[in-house]
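# Residue-level structure breakdown
Each chain is listed here by its residues.
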Amino acid sequence: SFPTRRSSDLYFMNAVSGVLAALSALYLPKLFNGTNLMYERIVWQAIIAGLLSFLLLAILLKTVFIFFYGENYLESYRLAWYLAPLLLLYPLRIYLVNFFTAQGRNALVVSSYVTANLLGVAVFLFMKNANSLVASASYIYTLAIVTILCLLPVYFFAASRKTDSI
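To keep things clear, this report deals only with the structure shown in the data block. These numbers come from a predicted model, not from an experiment.

Across its full length, the protein carries seven helices and zero strands. Across the protein, helices and strands are ordered from the amino to the carboxyl terminus as α-α-α-α-α-α-α. When the 166 residues of the protein are sorted by exposure, 36% land in the buried category. Considering only intrachain contacts with a sequence separation of at least 6, the fraction spanning at least 24 residues in the protein is 77%.

Another point: the packing of aromatic side chains. Taken as a whole and judged by the stated rule, the model has ten aromatic pairs. Plain terms: the ring middles of Phe 65 and Tyr 69 are 4.8 Å apart, the flat faces sit at 40 degrees to each other, and that makes the pair tilted. Taken together, the positions of Phe 65 and Tyr 69, both in helix 3 (residues 39-69) and four residues apart, correspond to about one turn of that helix. The exposure class of Phe 65 is buried, given its relative accessible area of 7%. According to the relative accessible area criterion, Tyr 69 is partly exposed, its value standing at 25%. Relative to Phe 99, the ring of Tyr 95 lies with its centre 6.1 Å away and its plane at 35 degrees, an arrangement referred to as tilted. Within this pair, Tyr 95 and its partner Phe 99 are both found in helix 5 (residues 86-102), separated by four residues, close to a single helical turn. Accessibility assignment for this pair places Tyr 95 and Phe 99 in one class, buried. The rings of Phe 65, Tyr 69, Tyr 73, Tyr 77 and Trp 81 are connected pair by pair, giving a single aromatic cluster.

Thresholds applied
Residues numbered from 1 in each chain as written. Predicted model: local features only at pLDDT ≥ 70, side-chain atom pairs only at ≥ 80, totals over all residues. Heavy atoms only, no water. Helix = DSSP H or I, 4+ residues; strand = E, 2+ residues; numbered from the N terminus. Buried < 20%, exposed > 50% of the residue type's maximum accessible area, 1.4 Å probe, protein only. Contact = heavy atoms within 4.5 Å. Phe/Tyr/Trp six-rings, centres within 6.5 Å; stacked < 30°, edge-to-face > 60°.

By themselves, these are just geometric observations and shouldn't be taken as functional.
Set out below in structure tokens:
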């Protein structure tokens with residue numbers, strides 16, 4: 001039987017995601033005009049932010065999760081470890097979505113989400129006979145990875161048109 005308090009499982013990830021979204025929103029004035037952006041540097045900053053977020057979560061999971069929640073939440077602990085690497089991808093995904101939204105390229109963002117969801121459902125259905133945590137995590141990973149794979153090439157194409165530095 002699963003513990004009833006499942007909302008705490010993703011609290012940290014939601015909090016980090018909110019902070020990263022707020023930080024990326026600080027870039028919106030530059031995103032609207034699309035000039036003076038350091039395209040490649042921003043991508044590397046997002047990757048570093050994701051790495052730091054993952055490391056912080058890993059430290060918290062290793063040191064305090066069981067202490068605060070106890071042995072009754074081992075399933076939640078496993079779920080947190082399954083989903084922890086997503087923090088590596090979230091800052092980049094958030095930035096790319098904000099970039100294209102600010103550029104008025106909503107059709108691109110929506111189409112990447114539709115593609116990601118369709119592939120995510122396919123992965124989930126393919127994995128449905130596996131452990132339910134693995135199948136659910138696979139769906140969520142597919143959403144993040146496919147969204148990034150759809151948007152990143154277009155982002156660098158846009159960057160190459162603005163500057164010859166890429």
